[in-house]
Amino acid sequence: MSANDPQFITVGGGASERKIAYLTQPPAREGAAGLLWLTGLKSDMVSTKAEALSAWTAERGLGFTRFDYSGHGRSEGLFEEATLSDWLEEAAAVFREATTGLQILVGSSTGAHVALLLLRHLLETAPEDAARIRGLVLIAPAWDLTELMLSQLPEGAQTEIEEKGFWIRPSAYDPAGYIITRQFIEDGRRHLLKDASFDPDRPVLVLQGALDRDVPIEHARTLRNVLAGDWVRITEVPDGEHRLSRPEDLEKLYALIEEVA
């Protein structure tokens with residue numbers, strides 16, 4: 001098996017059982033931290049930022065683990081049938097089964113929301129696992145994802161979701177658009193942070209583009225008021241858009257990770 005061949009873990013049971021693909025490189029230095037990468041919506045574990053982080057962590061002897069959510073990349077499942085509950089369950093499984101030692105959760109957009117949910121979930125259910133998380137580095141955090149989506153829907157789209165069960169959201173990143181289902185929205189409301197905040201008890205460093213149209217900068221700034229404690233610090237990129245994958249953006253990302261590591 002080459003370094004680029006994914007491994008698989010089985011998540012769920014019965015009709016919900018699915019194989020989740022992941023790639024992992026252990027730290028080269030004893031005691032070095034690892035990164036767990038959580039991708040954005042409709043992205044995958046071999047995206048531009050993921051590949052850049054893979055090379056950067058390898059050069060520094062850090063570990064790096066990444067995976068595809070169900071309905072993404074090389075994992076099983078259909079995107080239009082997946083929910084945030086599924087992706088949280090998968091993130092927790094990969095964290096437990098594919099990582100060891102101290103970890104930094106690095107999440108982009110939707111992945112930033114999943115990272116926050118994963119930390120909250122572990123703090124509530126497995127404090128010994130949560131203790132392995134040194135901090136979070138979030139890129140354009142789409143926290144409370146489904147409510148953010150609803151706030152950006154054009155007139156009539158929410159009614160279409162309620163009546164037809166889905167709506168196809170146009171996307172600059174996918175010509176086919178994204179299917180937003182009623183099931184996805186309803187499930188997302190089980191995972192809101194604004195009405196069930198928590199104290200992360202570790203650094204939460206944010207990289208946010210001021211020109212981001214998908215995750216407006218005010219949405220990212222509000223995270224400081226949503227999470228308890230004084231843990232959130234935001235680095236704003238005046239000319240940055242949503243992807244933040246330019247070389248100069250990546251250098252800012254690396255600097256934030258180094259602060260935590």
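Heads up: the structure comes first, above all this text.
Throughout what follows, the structure given in this document is the object of discussion. Fair warning: this is a prediction, and the values are worked out from it, not measured in the lab. (Residues numbered from 1 in each chain as written. Predicted model: local features only at pLDDT ≥ 70, side-chain atom pairs only at ≥ 80, totals over all residues. Heavy atoms only, no water.)

### Let's talk about the overall build of the chain
The line we're drawing: Helix numbers and strand numbers start at the N terminus; a helix is a DSSP run of H or I with at least 4 residues, a strand a run of E with at least 2. In this setup the radius of gyration rests on C-alpha atoms only. A globule is expected at 2.2 Å times the number of residues raised to 0.38. The criterion used for residue contact is that any of the two residues' heavy atoms lie within 4.5 Å. We get accessible surface area from the Shrake-Rupley algorithm with a probe of 1.4 Å; when it comes to residues, only the shown protein chains can shield them. Positive charge is attributed to Lys and Arg, negative charge to Asp and Glu, and no charge count is given to His or to the chain ends. By convention, the point assigned to a charge is CZ for Arg, NZ for Lys, CD for Glu and CG for Asp.
Summing up its helical and strand segments, the chain has nine helices and ten strands in all. Since a compact globule built from 261 residues should have a radius of gyration of about 18 Å, the 17 Å found for the chain is in line with a globular shape. The C-alpha extent of the chain, read off along each of the three principal axes, is 55 × 45 × 35 Å. In the chain, the proportion of contacts linking residues at least 24 apart, taken out of those at least 6 apart, comes to 73%. Within the structure as shown, the chain displays about 11,700 Å² of accessible surface, and the carbon and sulfur contribution to it stands at 48%. If the 26 positive side-chain charges of the chain are averaged to one point and the 41 negative ones to another, these points end up 2 Å apart.

### Quick look at the pairing of strand β7 (residues 166-169)
When a strand is regular, its side chains alternate between the sheet's two faces. Heads up, the condition is: Exposed residues in this analysis have more than 50% of their type's maximum accessible area, buried residues have under 20%, and partly exposed residues fall in between, with area computed by a 1.4 Å probe over protein chains only. For two strands to be treated as a pair, DSSP must find at least two bridges joining them.
Side chains W167 and R169 of β7 all project onto a buried face; the interleaved residues F166 and I168 project onto a face where none is buried. Bridge count between β7 and strand β8 (residues 178-181): four bridges; the pairing is antiparallel. Across the sheet, the residue bridging to R169 is Y178, located in β8.

### Side note on a nonpolar patch on the surface
As a reminder, the rule being used: Two distance rules govern patches: like charges are joined within 9 Å, and nonpolar side chains (Val, Leu, Ile, Met, Phe, Trp, Tyr) within 5 Å, applied only to residues with over 30% relative accessible area and no salt bridge. Within this document, salt bridges are pairs made up of a side-chain nitrogen of Lys or Arg and a carboxyl oxygen of Asp or Glu, the two lying within 4 Å of each other.
Taken together, the side chains of F166, I168 and I179 present a nonpolar region at the surface, about 220 Å² in accessible area. Structurally, I179 is set in strand β8.

### Here's the deal with the sheet that holds strand β5 (residues 103-108)
The cut-off we apply is this: Helix axes are fitted only over the stretch in contact, all axes being lines through C-alpha atoms; the angle between N-to-C directions runs from 0 to 180 degrees.
Read from one edge of the open sheet, eight strands run β1-β2-β4-β3-β5-β6-β9-β10, paired in mixed fashion. Either end of the sheet is taken by a strand with one partner, and the two such strands are β1 (7-11) and β10 (232-237). Direction aside, neighbouring strands of the sheet carry axes that sit 20 degrees apart on average. Here strand β9 (residues 204-209) runs beside β10; their pairing, made up of six bridges, is parallel. Following the sheet pairing, V204 is matched in β10 by V232. Relative to β10, helix α8 (residues 217-226) is tilted by about 160 degrees, and along the sheet it contacts β6 (133-139), β9 and β10. Lying over the sheet, helix α9 (residues 247-260) contacts β3 (34-38), β5, β6, β9 and β10, oriented at roughly 170 degrees with respect to β9.

### Considering the layout of surface pockets
This is how the line gets drawn: The distinction between a cavity and a pocket rests on a 1 Å grid over the protein atoms alone: a 1.4 Å probe fits inside a cavity but cannot get out, while a pocket stays open yet meets protein on both sides within 12 Å along at least five of seven lines, and a residue with an atom within 4 Å of a point counts as lining. Grid points are joined across faces, edges and corners, and a volume is the space filled by probe spheres set on the points.
Considering only enclosed or pocket space, the largest pocket measures out at about 770 Å³ in volume. As for the largest pocket, its lining consists of 33 residues, of which L41, Y173, Y178, H242 and R243 are closest to the centre. Listing elements by their share of the lining of the largest pocket, those giving two or more residues are α1 (48-60) and α5 (145-151). With three residues, the single largest contributor to the lining of the largest pocket is α5.

### A few points about the pairing of strand β4 (residues 63-67)
As a reminder of what qualifies: By convention, orient the strands away from the viewer: a clockwise path from the first strand over the helix to the second makes the crossover right-handed.
Extensive coverage of β4 is indicated by the burial of five of its five residues. Neither face of β4 is exposed, since G63, T65 and F67 on one face and F64 and R66 on the opposite face are all buried. Judged from the four bridges that link them, strand β2 (residues 18-25) and β4 form a sheet pairing that is antiparallel. By the bridge assignment, T24 is partnered in β4 with T65. When β3 meets β4, the two strands line up parallel, connected through four bridges. Across the sheet, L36 pairs through a bridge with T65, a residue of β4. In the classification by handedness, the crossover that spans β3, the intervening α1 and the parallel β4 is right-handed.

Keep in mind these numbers describe shape, not what the thing actually does.
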